[in-house]
Amino acid sequence: MADSYDSIAEIYLDVNVYDKALLYSEKSLDIKKSIFSENSFEFLKTYILIGNVYKCQNDYYRALSYYEKTIAIVKESNVQENIDIAMCYNNIGNVYISLGNYDKALENYENSERIVLQIGREKDSFTAVLYSNIAILYSYKVDYDNSLSFYNKSLTLSKELSNDETILTANVYEGIGAIYCARAEYDNSLFNHEHALQIRRKLLGENSVDTASSYYAIGCIYREIVKCCGLKFEPA
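Residues numbered from 1 in each chain as written. Predicted model: local features only at pLDDT ≥ 70, side-chain atom pairs only at ≥ 80, totals over all residues. Heavy atoms only, no water.

Draft legend 1. Examining the pattern of salt bridges more closely. All told, the structure shown has twelve salt bridges when counted by the stated rule. Among the ionic pairs, lysine 141 bridges to aspartate 103, the shortest N-O distance being 3.3 Å. Of this pair, lysine 141 sits in the loop between helix H7 (125-140) and helix H8 (144-161) while aspartate 103 sits in helix H6 (residues 102-118), and the two are 38 residues apart along the sequence. The partly exposed category is assigned to lysine 141, whose relative accessible area is 33%. Arginine 201 is the salt-bridge partner of glutamate 206, the closest N and O atoms lying 2.6 Å from each other. Its relative accessible area of 44% is what places arginine 201 among the partly exposed residues. (Salt bridge = Lys/Arg side-chain N within 4 Å of Asp/Glu carboxyl O. Helix = DSSP H or I, 4+ residues; strand = E, 2+ residues; numbered from the N terminus. Buried < 20%, exposed > 50% of the residue type's maximum accessible area, 1.4 Å probe, protein only.)

Draft legend 2. Summary view of the confidence of the model for the chain. For the chain, per-residue confidence averages 89 on the pLDDT scale, and 96% of positions sit at 70 or higher. Between residues 231-236, whose pLDDT stays under 50, and residues either more than four places distant or in other chains, the model counts two contacts. (pLDDT = per-residue confidence, 0-100. Contact = heavy atoms within 4.5 Å.)

Draft legend 3. Examining the packing of aromatic side chains more closely. For the structure on display, the rule yields eight aromatic pairs. Look at tyrosine 131 and phenylalanine 150: their rings are 5.8 Å apart centre to centre, the planes differ by 50°, and that puts the pair in the tilted class. Of the two residues, tyrosine 131 sits in helix H7 while phenylalanine 150 sits in helix H8, which places them 19 residues apart along the sequence. A single burial state applies to tyrosine 131 and to phenylalanine 150, both of which are buried. Ring centres 5.9 Å apart and planes at 20° place the aromatic pair tyrosine 138 and phenylalanine 150 in the stacked group. Linking tyrosine 138 in helix H7 with phenylalanine 150 in helix H8, this pair joins segments that are twelve residues apart in sequence. Judged by relative accessible area, phenylalanine 150 falls into the buried class, the value being 11%. (Phe/Tyr/Trp six-rings, centres within 6.5 Å; stacked < 30°, edge-to-face > 60°.)

Draft legend 4. Expanded view of the environment of tyrosine 60. Secondary-structure assignment places tyrosine 60 in helix H4 (residues 60-77). Here the alpha-carbon distance between tyrosine 60 and glycine 93, two residues 33 residues apart in the chain, equals 11 Å. With residues near it in sequence (within four places) discarded, tyrosine 60 still touches Lys55, Val95, Ser98 and Leu99.

Draft legend 5. Region of interest: the nonpolar core. The biggest cluster of nonpolar side chains holds 58 residues, and the ones touching the most others in it are Ile85, Ile92, Tyr109, Ile134 and Ile176. Considering every element that reaches this core, the biggest residue donor is helix H5 (residues 83-98), with nine residues. Filtering out sequence-adjacent residues up to four positions away, isoleucine 92 remains in contact with Leu64, Tyr67, Ile71 and Asn108. Tyr186, Leu197, Ile218 and Ile221 belong to the second largest nonpolar core, which has five residues in total. (Core = buried A, V, L, I, M, F, W, Y, C linked by side-chain atoms within 4.5 Å.)

Draft legend 6. Spotlight on helix H10 (residues 186-204). Its 19 residues give H10 an end-to-end C-alpha distance of 25 Å, which sits within 8% of 27 Å, the value for a rise of 1.5 Å per residue. Along H10, the positions that sit buried rather than exposed are Tyr186, Ser189, Leu190, Asn192, His193, Ala196, Leu197, Ile199 and Arg200. (Expected span 1.5 Å × (residues − 1).)

Draft legend 7. Region of the structure containing the packing of H4 against H5. Relative to each other, H4 and H5 sit at 150°, their axes nearing to 10 Å. With respect to their mutual orientation, H4 and H5 come out roughly antiparallel. As for the relative orientation of H4 and H5, their crossing is left-handed in sense. Seen from H4, the contacting residues are Tyr60, Ala63, Leu64, Tyr67, Glu68, Thr70, Ile71, Val74 and Lys75; seen from H5, they are Ile85, Cys88, Tyr89, Asn91, Ile92, Val95, Tyr96 and Ser98. Looking at the contact of H4 with H5 residue by residue, the classes come out as twelve nonpolar, three polar and two charged. (Axes fitted to C-alpha atoms, helices over the stretch in contact; angles between N-to-C directions. Parallel < 35°, antiparallel > 145°, perpendicular 65-115°, else oblique. Left-handed = near helix turned anticlockwise from the far one by under 90°. Nonpolar A, V, L, I, M, F, W, Y, C, P; charged D, E, K, R; others polar.)

Draft legend 8. Just the side chain of serine 25, in detail. Considering the arrangement of structural elements, one finds serine 25 in helix H2 (residues 18-35). What makes serine 25 buried here is its relative accessible area of 1%. There is a polar contact of 3.0 Å between the side chain of serine 25 and the backbone oxygen of leucine 22. For serine 25, the residues in contact, after removing those within four places along its chain, are Asp6, Ala9, Thr46, Leu49 and Ile50. (Polar contact = N/O pair within 3.5 Å; in protein donor to acceptor, adjacent residues only side chain to side chain.)

Draft legend 9. The environment of aspartate 103, seen in detail. For aspartate 103, a relative accessible area of 56% gives the class exposed. Taking the C-alpha atoms as reference, aspartate 103 lies 21 Å from threonine 70; in sequence the two are 33 residues apart.

Draft legend 10. How the structure looks around the state of the cysteines. Across all of its chains, the model carries zero disulfides by this definition. You can see cysteine 88 has no disulfide; the closest cysteine sulfur is in cysteine 56, sitting 14 Å from it. By relative accessible area, which is 0% here, cysteine 88 ends up buried. You can see cysteine 181 has no disulfide; the closest cysteine sulfur is in cysteine 220, sitting 7.4 Å from it. (Disulfide = S-S within 2.5 Å.)

Below, the structure written as structure tokens:
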């Protein structure tokens, strides 16, 4: 029954119905508490689920508390680390980015990468997401070389696994474009933002918020090019 509640919670989480996701994951947790010892491996999935719900609600400290319970169980029980644990470390990294603690974010992303490589999942769609997250972290730290390196890792892996036209690759192209814009390399920036726009128009349509973001970014680049050229436009 507990596993069924977890599955229902996952469905509600996927459709952003967070109160229902929390309700069913807590039902699962109550059942498990009545059956298993406090540090049982059986709690991992439910703790991660509850952490994910709180993260999506921007309740970062509660999310962290459940993620850290998960990691504590793994460390105490000496169970084999797996992709779920790697994802948990990734989620902790995401929370720390939201809290502005970039060193802790990097520490957890590196733990996630270590597990991914250790269990032979380096050619996995999750790994492409992880590399993109690390790239975002480095961009916040204004370490553009490392950011570009991880964006390119994510892009290369995404192309190997599927194709060049996914939501992730569009986001990566946008991130690369932002870095080149920050470096005043406007031709490279425009090239990548236009790639992102092309993919978003195809997958999301003209009225998507992400598509609008691409149009806005491209407009900003042209504005910077105009400034560099010393051009002025007078209102009609």
